[in-house]
Structure formats: C-alpha cells, structure tokens
Amino acid sequence: MRKIIFIGRSEAGKTTLTQAMKGKKIVYHKTQYINHYDVIIDTPGEYAETKELAGSLAVYSAEADVVGLLISATEPFSLYPPNVTAQANREVVGIVTKCDHWAGNPEQAAEWLRLAGCKKIFMTSSFTGEGIADIISYLKEEHETLPWEDVKAQYDNLGYGEGESDKKMNINGVLI
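Residues numbered from 1 in each chain as written. Predicted model: local features only at pLDDT ≥ 70, side-chain atom pairs only at ≥ 80, totals over all residues. Heavy atoms only, no water.

Remarks on the packing of helix α1 (residues 14-21) against helix α5 (residues 132-139)
At step 1: The contact between α1 and α5 brings their axes to 10 Å, and the two run at 75°. With respect to α5, the element α1 is oriented roughly perpendicular. Contacts from Leu17, Ala20 and Met21 in α1 reach Ile132, Ile135, Ile136 and Leu139 in α5.
At step 2: Considered class by class, the residues forming the contact of α1 with α5 number seven nonpolar, no polar and no charged. (Axes fitted to C-alpha atoms, helices over the stretch in contact; angles between N-to-C directions. Helix = DSSP H or I, 4+ residues; strand = E, 2+ residues; numbered from the N terminus. Parallel < 35°, antiparallel > 145°, perpendicular 65-115°, else oblique. Contact = heavy atoms within 4.5 Å. Nonpolar A, V, L, I, M, F, W, Y, C, P; charged D, E, K, R; others polar.)

What follows is the structure, given as structure tokens:
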C-alpha cells in the first residue's frame, strides 16, 4: 500500500482520520510530533501553521508516496494558497473531513482544495465512515487485496449470484 502524509491545520481531523483508517476507536488525541503508522504519517497542525516548522513537512513528505491536504468542512477559511500543490514532488490529494458536521460546508472546503491544486478530493467523516474505504482503495497497489475484497470473494463463491450493490461496485476499472 502506498504511504500517505496528512497535512492540515490543528483540529482539521488528521489524527481522527488516522484512527478511522486503522479501524481504531475514535478518541481525541492531540498530536505533538510526527507519527508514523505503517502507511500513514500524521503531522501536528502547528507544522502547517508556523513558517519555522513548515520546512519539516517537506522533509517528511519525502517518505510518503502521496500528500494528503486536509481541510475540515467547518473551517471558516483555507490555510492553503492557490496552486500550492505545484511545489510538491509527490502526488497531492485533497481530503475534506467532518462532512457530516451540522455546521459544515463540504462544498466550500472542496473548492478551496481545488484552488490549492488538488485534482482528486475525498469527502470523509471519521465518525460515520464515509469516504474511509475510498481513501484506502486509492492507496492500494495493484497486487494487493484488501480485506473486504477477500470477504466478497468468499461470499461470491457461495453461489448466491450478484446483488444490486455488486453491479455498482467498480474498483480500479474492474467489476468485483
């Protein structure tokens, strides 16, 4: 699986998204330093908010295959300047967090990420699970099989045939 680094403001949901992607219980935890979890690099928001610390994000992004710029749907402004992704020598994706929040405006957050230069944007909620599987599938490499693909293959071997959800499931151009 490709490695991703999460970059964003404090309280954008980087650590919560990390917990959700790992299948852990969601508990508030303030990230104090850069954490490596298998295929996820979780960074403190202060690194993106402070010019003296921002250079370290460039150093740590060298260890990742994909840079994930996070912005909360509840943000009143964007941290990212227009076309900032042009500075990266890695693939950059946008991730809108807290899409289920009552005060959120996910469309505005997604537009800010597009202005920053993100071509691919994921809409997520760590509490409902929305978008989590999409990110994991996106990071998957060709030769890998994800756990839910194994379960689906076992179910299909029972011979019950395709259900309606099977007809809609298309991962990497292959109907599974």
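A closer look at the pairing of strand β5 (residues 91-97)
At step 1: Most of β5 is tucked away: six of the seven residues are buried.
At step 2: As judged from the seven bridges shared by strand β4 (residues 66-72) and β5, these two strands associate in the parallel manner. Paired with Leu70 across the bridge in β5 is Ile95.
At step 3: Two elements, β5 and strand β6 (residues 121-123), share three bridges in a ladder whose sense is parallel. Pairing of Ile95 across the sheet is with Phe122, part of β6.
At step 4: A crossover links β5 with its parallel partner β6, the connecting element being helix α4 (residues 106-116), and its sense is right-handed. (Buried < 20%, exposed > 50% of the residue type's maximum accessible area, 1.4 Å probe, protein only. Pairing = 2+ DSSP bridges. Right-handed = clockwise from strand over helix to strand, strands pointing away.)

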